[in-house]
Amino acid sequence: LIAAAFLCYGLGTGSIVLYCIAASLAGLGYGLGAMIPISILVKNWFRDRSAFVLSICASGSAIATFICPITVTWMVEHISLAAAFLAEGAAVILVAVLIFLLVRNHPADLNMEPYTDASPKAAAKVRTVGTAPTHFWQLMMLLACFMVGALGLALPSFNTLYYKELGMSSTLIASSLTFSGIILLVGKWGYGIINDAIGPNRTNILFTGALLAGAVTGCMLDADSAVMLFLSTALINTGLVVATVGISIWAANLSSEEGYVRTLRNYQVSYTIGGLLFSSVPGLLADLTG
């Protein structure tokens, strides 16, 4: 689906119909792919340290933010925009072929067992099995995912406009964006390690607390407060790790073995709806209040 989307973008040459088709295909591919199948695979293959493995998988998108923009920009400037789209489509097809050849749904497909940590420290820990909460608390979790989506998908895109309005230089803003990519990468790995070490409850308090502190710090910025900008960026992007790795871990902790896929799907759908409904709210608030 995503390869077909890039093909439509590359061949569109100004056709609004093809661009809309491409956007629809890309949205479907992103919704069906990404963290949902990754989370299911990790749960099937890892009985221990699954949060850490999930954080490694999620960090791939952070690594891509360093490599892809430079490559794509060079292609756009030296060849053409259409060629860049077609090259991305070809890269996606290559990835799909590799996944088809290498990935299996269950360890049993290769006569293997799921990974378990054989260390004495791990053996001393009681392995927790997810249990489904009552209907009321399941609704509360859906609301939590909705609000995380409202923050995770709406906040980052408007921060750059906010920094520009404060009078910060383009160089400083660009530096903060690069810094945010580094923090996201480190934060995703850190979330998995910390979650495996101290448990999901305290991990969530720590990371959502960082997000709140980053938002408060962001309210104190002015054109010359570079140090505060980077502090706010670090705290916000540390907290936003909850939006990627965190939701999948929530689903694993708050569902039975049989209900995991359904719970994960519901959480991800609620997260996406929150992002869609709140995508214009920062702009409306800025127009009304400054």
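The structure we're discussing is the one just above.
What you see is a predicted model, and the numbers here were worked out from it, not measured in a lab. (Residues numbered from 1 in each chain as written. Predicted model: local features only at pLDDT ≥ 70, side-chain atom pairs only at ≥ 80, totals over all residues. Heavy atoms only, no water.)

Concerning the overall build of the protein chain
Here's step 1: Of regular secondary structure, the protein chain possesses 13 helices and zero strands.
Here's step 2: Going from the N terminus to the C terminus, the protein chain shows its helices and strands as α-α-α-α-α-α-α-α-α-α-α-α-α.
Here's step 3: Projected onto its principal axes, the C-alpha positions of the protein chain cover 55 × 45 × 35 Å.
Here's step 4: Working note: accessible area of the protein chain is about 16,700 Å², and carbon and sulfur atoms make up 73% of it.
Here's step 5: Charge centroids of the protein chain, computed over 12 positive and 13 negative side chains, lie 11 Å from each other. (Helix = DSSP H or I, 4+ residues; strand = E, 2+ residues; numbered from the N terminus. Areas by Shrake-Rupley, 256 points an atom, 1.4 Å probe, with all protein chains shown as cover. Lys, Arg positive; Asp, Glu negative; His and termini not counted. Charge placed at Lys NZ, Arg CZ, Asp CG, Glu CD.)

Thoughts on the side chain of Ser232
Here's step 1: Mapping Ser232 onto the fold places it in helix H10 (residues 226-239).
Here's step 2: A polar side-chain atom of Ser232 sits 2.9 Å from the main-chain carbonyl oxygen of Gly214.
Here's step 3: With residues near it in sequence (within four places) discarded, Ser232 still touches Gly214, Thr217 and Gly218. (Polar contact = N/O pair within 3.5 Å; in protein donor to acceptor, adjacent residues only side chain to side chain. Contact = heavy atoms within 4.5 Å.)

A word on the side chain of Lys43
Here's step 1: Structurally, Lys43 is set in helix H3 (residues 35-45).
Here's step 2: Here Lys43 is in contact with Ala252, Glu257 and Tyr260, once residues within four sequence places are set aside.

Considerations on the packing of aromatic side chains
What characterises a pair of aromatic rings is the spacing of the ring centres plus the angle enclosed by the ring planes.
Here's step 1: If you walk through the whole model with that rule in mind, you get 10 aromatic pairs.
Here's step 2: When the ring of Phe6 is compared with that of Phe85, the centres are 6.2 Å apart and the planes differ by 35°; the resulting orientation is tilted. Of this pair, Phe6 sits in helix H1 (residues 2-12) while Phe85 sits in helix H5 (residues 81-102), and the two are 79 residues apart along the sequence. The pair Phe6 / Phe85 is uniform in exposure class, with both members buried.
Here's step 3: Note on Phe179 and Phe230: the rings are 5.3 Å apart at their centroids and 70° apart in plane angle, and the pair reads as edge-to-face. Of the two residues, Phe179 sits in helix H8 (residues 170-198) while Phe230 sits in helix H10, which places them 51 residues apart along the sequence. (Phe/Tyr/Trp six-rings, centres within 6.5 Å; stacked < 30°, edge-to-face > 60°. Buried < 20%, exposed > 50% of the residue type's maximum accessible area, 1.4 Å probe, protein only.)

With respect to the nonpolar core
Here's step 1: Judged by nonpolar contacts, the single largest core of 24 residues is most densely connected at Val148, Tyr191, Val245, Ile247, Trp250 and Tyr267.
Here's step 2: The set of elements that each furnish at least two residues to this core consists of H3, helix H4 (50-78), helix H7 (135-165), helix H11 (245-253) and helix H12 (260-278).
Here's step 3: At five residues, H11 tops the list of elements feeding residues into this core.
Here's step 4: Trp250 has contacts with Met141, Ala144, Cys145, Val148, Tyr191, Asn204, Val242 and Tyr267, leaving out every residue within four places of it along the chain.
Here's step 5: Of all hydrophobic cores here, the second largest spans six residues; its members include Tyr163, Leu172, Ile173 and Leu221. (Core = buried A, V, L, I, M, F, W, Y, C linked by side-chain atoms within 4.5 Å.)

Some points on the packing of H3 against H4
Here's step 1: The geometry of H3 relative to H4 is characterised by a closest axis approach of 10 Å and an angle of 145° between their N-to-C directions. In this structure, H3 crosses over H4, and the sense of that crossing is right-handed. Two secondary-structure elements touch here, H3 through Met35, Ile38, Ser39 and Val42 and H4 through Ser50, Val53, Leu54, Cys57 and Ala58.
Here's step 2: In the contact of H3 with H4, the residues fall into seven nonpolar, two polar and no charged. (Axes fitted to C-alpha atoms, helices over the stretch in contact; angles between N-to-C directions. Left-handed = near helix turned anticlockwise from the far one by under 90°. Nonpolar A, V, L, I, M, F, W, Y, C, P; charged D, E, K, R; others polar.)

Considerations on unusual backbone geometry
Here's step 1: Phi at Asn111 takes a positive value of approximately 55°, unusual for a residue other than glycine.
Here's step 2: With respect to the element layout, Asn111 can be found in the loop between H5 and helix H6 (120-124).

A closer look at the environment of Ala215
Here's step 1: Relative to the elements of secondary structure, Ala215 occurs in helix H9 (residues 200-218).
Here's step 2: Taking C-alpha positions, Ala215 is 20 Å from Arg202, a pair spaced 13 residues apart along the chain.

Quick word on H3
Here's step 1: Within H3, burial applies to Met35, Ile36, Ser39, Val42, Lys43, Asn44 and Trp45.
Here's step 2: Residues of H3 that are buried in the fold lie against helix H2 (16-32), H4, H11 and H12.

Describing the environment of Val72
Here's step 1: Examined against the element boundaries, Val72 turns out to sit in helix H4.
Here's step 2: Val72 gets classed as partly exposed once you look at its relative accessible area, which sits at 24%.
Here's step 3: Along the backbone, Val72 and Glu88 are 16 residues apart, and their C-alpha atoms lie at a distance of 8.3 Å.
Here's step 4: When residues no more than four places from it in sequence are discounted, the contact partners of Val72 are Ala84 and Glu88.

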